[in-house]
2 protein chains.
Amino acid sequence: MLYFPYLCISIWVLGFPVRTSALNENVDVLVLLPQNSSYIFSISRVSPAIEYARQQLANGHFAGLNFNFQYVSSECGVDALFALVDRAPDERPDLIFGPVCEYAAAPVVRVASHWNIPVMSAGALAYGFINKNSEFSLLTRTAPSYMKMAETFAVMSQHFGWRSVLLIYHDDKEERNCYFTVEGVHVLLEDDHDISVFVMDSREPLTYVDELIKPMYEHEVVIMCTYADVVREIMLNAHRRRLTTSNRLFFNIELFNSSSYGDGSWRRGDRYDNEAKAAYAFLNTVTLLRSTKPEFENFSMEMRKSYQKMGVDVCEINMFMEGFHDALLLYALALDDAMKSGYTKKNGKEITQRMWNRTFEGIAGQVSMDANGDRNGDFSVISMTNHETGSHETVMSYFGTNGSLQINPDFDPKLFTVQGAPGPPSSQPTDQSSGGLGLSAVTGIIVGGLLGTALLMAFYFFRKNYRITIERRTQREQCDGKHRQLREDSIRSNFSAA
Amino acid sequence: MLYFPYLCISIWVLGFPVRTSALNENVDVLVLLPQNSSYIFSISRVSPAIEYARQQLANGHFAGLNFNFQYVSSECGVDALFALVDRAPDERPDLIFGPVCEYAAAPVVRVASHWNIPVMSAGALAYGFINKNSEFSLLTRTAPSYMKMAETFAVMSQHFGWRSVLLIYHDDKEERNCYFTVEGVHVLLEDDHDISVFVMDSREPLTYVDELIKPMYEHEVVIMCTYADVVREIMLNAHRRRLTTSNRLFFNIELFNSSSYGDGSWRRGDRYDNEAKAAYAFLNTVTLLRSTKPEFENFSMEMRKSYQKMGVDVCEINMFMEGFHDALLLYALALDDAMKSGYTKKNGKEITQRMWNRTFEGIAGQVSMDANGDRNGDFSVISMTNHETGSHETVMSYFGTNGSLQINPDFDPKLFTVQGAPGPPSSQPTDQSSGGLGLSAVTGIIVGGLLGTALLMAFYFFRKNYRITIERRTQREQCDGKHRQLREDSIRSNFSAA
């Protein structure tokens, strides 16, 4: 573990004219984010957004609020916890922003909740943080969690009648964004869907693309969370096997309004571009709904200016920037309310409660916090609308606040029709047997013999190359026992890490 | 989460004659253990052992050491961490004893290592704590970890030439002792064994005993970690299916020299006793080697007296009592050495280093700490030696310090011979097919037809009742990819929780 030096940027909002306001308070904010700018939620990327929010607040009703931000580099490990517990009791912050990484966030939120310090994060998105009754009681999540993203799939499934879903994801064993994303989908769909999971632990799918394709035959819907290049590879292979043209739905999850997993387009400038364009006609992308509000354009422009000044290479505004920006506004609103009720900035629980179940104007539009302190999310489903040029557009939108699905005119219902899992195209043993009943006796024996040999060989090959885990389904809908791995991990999450 | 009141037992060793000694020091020890005496490592069970050690020290070279023990109830959750971080910097202890539970221990060890406070525990036994290079650098484990127990199986496998192992364990999703135990065996055997894992999440195996038995046919060695009643149930069922008499090895792991998982005997006083006795003729138990040292008998007697006085119902001395007792002796030795080299009690790292790679006399015999700060373990393999009376004795012993396996005269080599995995007794499709080649044509067709129908039905039943997960083995010996669940969890352990 590397110990990154503390980077302290103290922004004392002093000297500007304090307007007559009920709110006069100094607020110490400890910001726990990585200094390493390879993270899309690094200090250099997020701090301009926080500063933008501070300036907004300074020009209005909240001008009397003086924020003292202390940025501490915490990467994704245990340094974030150390940054908090190393402080003497009288030096504890009034508010914590971050961490984003689940494993860094979990102990920080536990200790902060214990010390009555509100924690606001545009991260800590995993399912494990959803239980705010005890250890995570003072956590407010100002970006839509993975469960919110998963709602989009649950609503589509309800609308289009999905029964079986194959989840394919890449697990980097570090940040584990895709792992936690798929966990959310799994939790929401497991009760009434037949779900299988395929985990990739390397970036190259080429060597095992056959095994990856095989389970697709038995599922109506394929949902992927992995690198864009891998998605393209999978789509090309599925298309070559005519899996795309048999009423099967393919989804790619694009996380965080960011291209951290690569460019989601079919175009690569290689000799497979045409084939990929044809394959991508059947691929839908689920991503955060992109805002078009004029204020957001200004924010966007200001951010880019800051990045240029700092020499940081940022070409897109992601949800972490937006989430931490909005967090500061929300905190100001809640602190104001709490103080009006006679509380102080040290009443973390009271302030936190005033952040929840609340709607306010964020930088990209209206922000709706649910009763559990998690931001509702709006998501787009993007599909190819011009098969000639291969361009795509939003065909559906899901609005988390009221749980509605809005279907746009461009939507092609044919592409969203599933016809059940038809099973593998290779002829089933029984097909041959029944076909052979009318044949001569010799043929019957030969068929039986070939069948047995094929089974033996298949069994041998299978045993040698795969692990076969058999887990009993419990009786509740014979679904619960499935994918114990994910459940188990999510249970561990609840009481161990994230 | 319940907040248990702090239980402070301050034992100031004042007023007794301080003998001439180089060592005069007050040492503050924070003991983080559960108050709830349903835990076999509760404060009421472990504190008399610590007090016994303190008295031993007070009568010798270490009489000048004054220990101030503060017992804080920490259960198995995050309270242990709070007990540590709530203290002001000048109130931090010089030494921490516990926690035992992995999920409680992980954050405490991280913060304590960061603050240069040695942590000694007879728990924190999971594989995840083995890496002492960073987060767990000041952890010393004074009871044999699960990896030490697993060495016993690795050595037996090497000696008897095992190839395939079935691991059956119960996961309570809380303390997860059996989960972490089996993780250790898995880590040590996975490279050169074909391993399957069967997880039970309920205490009643009766409903799925068939699924549990099935994989036994394909494995030479069955290793179980679960409740004693469940072990008996499994053995009875395996015996009825003649699995015990086909050169297959059965092992039961008895944890902690304790009957917390129940009485390991075949005897229950029910109508299955005779059958169980016959089945248990093929069951071996791996457990900690029990000491017979006279000093241990005295310790044992004193402990019982203390428990009687406190009204605690304890009938056996377990490894936690022994481990924490020995921890205090080890700390005294290491502190003494460190102070002779000019360090103080505040030089946690220096003291810790002097605990590692060291041998000393513990309460139950010689204690050998490995170079990584983990206590080496000695284990017994206990088998039935009198089939008439059904009594059992130690037939083999494994000594962790030198890695040797000692085979006793009572050992019956016949019972330890494996003959490879013979496969399920149900006739394979090919057996019938090849058998049918000499039959009449009509028989051929009938056989083929029946076979197909059976397969179809089996497939239908199988799909309906089980989840089938297929994971690709990676190329390194086609073993690594197996049981990704365990690996994944162990990797998470490394950087998240335990």
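Note that residues are indexed from 1 along each chain, following the sequence as it is written. All chains are assigned letters beginning at A, and all ligands numbers beginning at 1, according to the order in which they are written. A pLDDT threshold of at least 70 governs which residues receive local features in this predicted model, and a stricter bar of 80 or more applies before side-chain atom pairs are shown or counted, although totals over entire chains, interfaces and linings include all residues. Side-chain metrics rest on all non-hydrogen atoms present in the structure, leaving aside hydrogens and water.

## Description of the nonpolar core
Nine residue types can take part in a nonpolar core, namely buried Ala, Val, Leu, Ile, Met, Phe, Trp, Tyr and Cys, and a core is a set of them joined through side-chain atoms within 4.5 Å. Any residue under 20% of the maximum accessible area for its type is buried, any over 50% is exposed, and the rest in between are partly exposed; the area is computed with a 1.4 Å probe on protein chains only. By size, the foremost hydrophobic cluster in this structure holds 220 residues, and its most contacted members are Phe251(A) and Phe251(B). Apart from residues lying up to four places away in sequence, Phe251(B) is in contact with Phe153(B), Met156(B), Trp162(B), Val221(B), Val222(B), Ile223(B), Met224(B), Leu283(B), Asn284(B), Val286(B), Val381(B) and Phe416(B). Here, two residues are considered to be in contact whenever any of their heavy atoms come within 4.5 Å of each other.

## With respect to the sheet that holds strand E8 (residues 221–225) of chain A
Residues and elements named next belong to chain A. Taken in spatial order, the eight strands make up an open sheet running E7-E6-E8-E9-E10-E13-E14-E15, and their pairing is mixed. Because the sheet does not close on itself, it has two edges, and the strands there are strand E7 (194–200) and strand E15 (404–407). If you compare each strand with its neighbour and ignore which way they point, the axes differ by 25° on average. With respect to the sheet, helix H4 (residues 146–160) is in contact with E8, strand E9 (249–253), strand E10 (283–288), strand E13 (378–386), strand E14 (391–399) and E15, its orientation differing from that of E14 by roughly 95°. Note: two strands are recorded as paired if DSSP finds a minimum of 2 bridges between them. A run of H or I in DSSP counts as a helix once it spans at least four residues, and a run of E counts as a strand once it spans at least two, with each numbered from the N terminus. A fitted line through C-alpha atoms represents every axis, and for helices the fit uses only the stretch in contact; the resulting angles, taken between N-to-C directions, go from 0 to 180 degrees.

## What about helix H7 (residues 228–240) of chain B?
Given 3.6 residues per helical turn, the α-helix brings residues three or four places apart onto the same face. Residue and element names in this part refer to chain B. Taking 1.5 Å per residue, 13 residues should reach 18 Å; H7 reaches 18 Å between its end C-alpha atoms and fits that length. Counting buried positions over the 13 residues of H7 gives ten, a clear majority of the element. Within H7, the full set of buried residues consists of Ala228, Val230, Val231, Arg232, Ile234, Met235, Leu236, Asn237, Ala238 and His239. One or two positions beyond H7, positive phi appears at arginine 242, with a value near 60°. Under the convention used throughout, the expected extent of a helix is 1.5 Å for every residue step, that is, one less than its residue count.

## What to know about the domain arrangement of chain A
All names here are of chain A. Where each domain starts and ends comes from a domain assignment, either automatic or drawn from a database. The domain boundaries assigned to chain A delineate domain 1 (11–145 + 292–374) and domain 2 (147–288 + 379–418 + 469–481). A straight line from the C-alpha centre of domain 1 to that of domain 2 covers 32 Å. On the domain 2 side, the residues contacting the 21 residues of domain 1 number 17 residues. Buried area: the accessible surface (1.4 Å probe) lost by two parts on joining, summed over both. Summed over both partners, the interface of domain 1 with domain 2 buries about 1500 Å², with 65% contributed by carbon and sulfur atoms. Contact with domain 2 buries surface across domain 1, with Tyr103, Tyr127 and Ser145 losing the most and accounting together for 32% of the total. Note on definitions: salt bridges are taken to be side-chain nitrogens of Lys or Arg within 4 Å of carboxyl oxygens of Asp or Glu. Along the contact surface separating domain 1 from domain 2 lie one salt bridge. Here aspartate 370 ties to lysine 148 by a salt bridge, and the two come within 2.7 Å at their closest N and O atoms. Definition of a polar contact: a pair of N or O atoms within 3.5 Å, with one able to donate and the other able to accept a hydrogen when the atoms are protein atoms, and with sequence-neighbouring residues admitted only if both atoms are side-chain atoms. Summed over the shared surface of domain 1 and domain 2, the result is six residue pairs in polar contact (both at pLDDT 80 or more). Within the residue set of the side of domain 1 that touches domain 2, elements represented by two or more residues are helix H3 (102–114) and helix H10 (319–340). Among the residues forming the side of domain 1 that touches domain 2, the class breakdown is 14 nonpolar, three polar and four charged. For this classification, the nonpolar set comprises Ala, Val, Leu, Ile, Met, Phe, Trp, Tyr, Cys and Pro, the charged set comprises Asp, Glu, Lys and Arg, and every other residue, Gly included, is treated as polar.

## Let's talk about the packing of helix H1 (residues 43–58) of chain B against helix H9 (residues 294–310) of chain B
All names here are of chain B. Direction vectors running N to C along H1 and H9 enclose 130°, while the axes themselves pass 10 Å from each other. If you check the angle between H1 and H9, you find them oblique. Remark: the crossing between H1 and H9 carries right-handed chirality. Counted together, Ser44, Arg45, Ser47, Pro48, Ala49 and Tyr52 of H1 and Glu295, Asn298, Phe299, Glu302, Met303, Ser306, Tyr307 and Met310 of H9 form the full contact between these two elements. Residues of the contact of H1 with H9, tallied by class, amount to seven nonpolar, four polar and three charged. Comment on the angle field: the value is read as roughly parallel under 35 degrees, roughly antiparallel over 145, roughly perpendicular from 65 to 115, and oblique elsewhere. The hand of a helix crossing depends on one turn: near helix anticlockwise from the far one by less than a right angle means left-handed, and clockwise means right-handed.

## Quick look at the confidence of the model for chain A
All names here are of chain A. On average, chain A scores 81 in pLDDT, and the residues at 70 or more come to 77%. For residues 421–445, every residue scores under 50 in pLDDT, and the model assigns this stretch 36 contacts once sequence neighbours within four places are set aside. Across the whole predicted complex the pTM is 0.77, and at the interface the ipTM reaches 0.73. Values of pLDDT, ranging from 0 to 100, describe the predictor's confidence in every residue of the model.

## Describing the side chain of Glu102(B)
Residue and element names in this part refer to chain B. With respect to the helices, strands and loops of the structure, glutamate 102 is situated in helix H3 (residues 102–114). Comment: no salt bridge for buried glutamate 102; closest opposite-charge side chain is arginine 141, at 6.0 Å. Of the polar contacts made by the side chain of glutamate 102, one reaches the backbone nitrogen of leucine 125; its length is 3.0 Å. By the counting rule applied here, Lys and Arg register as positive and Asp and Glu as negative, while His and the ends of each chain are not counted.

## Here we look at the pairing of strand E2 (residues 65–73) of chain A
Across the nine residues that make up E2(A), a large majority, eight, are buried. What joins strand E1 (residues 25–33) of chain A to E2(A) is helix H1 (residues 43–58) of chain A, and the crossover it makes is right-handed. Call a crossover right-handed when, viewed with both strands pointing away from you, the route from the first strand across the helix to the second goes clockwise.

## Section: the pairing of strand E12 (residues 365–369) of chain A
Residues and elements named next belong to chain A. For E12, a buried count of four out of five residues is recorded, marking the element as mostly surrounded by other parts of the structure. Alignment of strand E11 (residues 358–362) against E12, held across five bridges, turns out to be antiparallel. Each residue of the ladder has a partner; that of glutamate 361, found in E12, is glutamine 366.

## Observations regarding the sheet that holds strand E13 (residues 378–386) of chain B
All names here are of chain B. Ordered in space as E7-E6-E8-E9-E10-E13-E14-E15, the eight strands form an open sheet in which the pairing is mixed. On the outer flanks of this sheet lie strand E7 (194–200) and strand E15 (404–407), each paired with one strand and no other. The sheet shows a mean angle of 25° between the axes of neighbouring strands, direction not considered. In this structure, strand E8 (residues 221–225) lies alongside strand E9 (residues 249–253), joined through four bridges in parallel fashion. Residue pairing for E9: valine 222 is matched across the bridge by phenylalanine 250.

## Focus on the state of the cysteines
When the sulfur atoms of two cysteines share a covalent bond, that bond is a disulfide. All names here are of chain A. In what follows, a disulfide is any cysteine sulfur pair within 2.5 Å. A complete count under the given rule lists four disulfides over all chains for this structure. In this model, cysteine 76 is linked to cysteine 101 through a disulfide, with the two sulfur atoms separated by 1.6 Å. On the criterion of sequence distance, the pair formed by cysteine 76 in the loop between E2 and helix H2 (79–85) and cysteine 101 in the loop between strand E3 (95–97) and H3 is long-range, its members being 25 residues apart. Grouping residues by exposure puts cysteine 76 and cysteine 101 together as buried. A disulfide bridge connects cysteine 178 with cysteine 225, and the sulfur atoms are separated by 2.1 Å. Since a negative S-S torsion denotes a left-handed disulfide, the cysteine 178-cysteine 225 link at about -70° is left-handed. Here cysteine 178, found in helix H5 (residues 177–189), pairs with cysteine 225, found in strand E8; they are 47 residues apart in sequence, far enough to count as distant. For the pair formed by cysteine 178 and cysteine 225, the shared burial category is buried. Of note for chain A: the bonded cysteines, numbered N- to C-terminal, pair according to 1-2, 3-4.

## Side note on unusual backbone geometry
With an omega dihedral of -10°, the bond running from Gly98(A) to Pro99(A) counts as a cis peptide bond. Mapped onto the secondary structure, Pro99(A) falls in the loop between E3 and H3. Positive phi, close to 60°, is recorded for Arg176(B), a residue that is not glycine. Here Arg176(B) is to be found in the loop between strand E6 (164–170) and helix H5 (177–189). For Arg176(B), a relative accessible area of 1% puts it in the buried group. Of note, Asn357(B) is a non-glycine position whose phi angle comes to about 55°, a positive value. Following the sequence through the fold, Asn357(B) ends up in the loop between helix H11 (348–353) and strand E11 (358–362). Given the relative accessible area of 60%, Asn357(B) is considered exposed.

## What about the pattern of salt bridges?
All names here are of chain A. Overall, the coordinates contain 46 salt bridges over all chains when judged by the stated rule. The shortest N-O distance in the salt bridge between aspartate 336 and lysine 340 comes to 3.4 Å. Residue aspartate 336 and its partner lysine 340 are located together in helix H10, separated by four residues, close to a single helical turn. Judged by relative accessible area, lysine 340 falls into the exposed class, the value being 57%.

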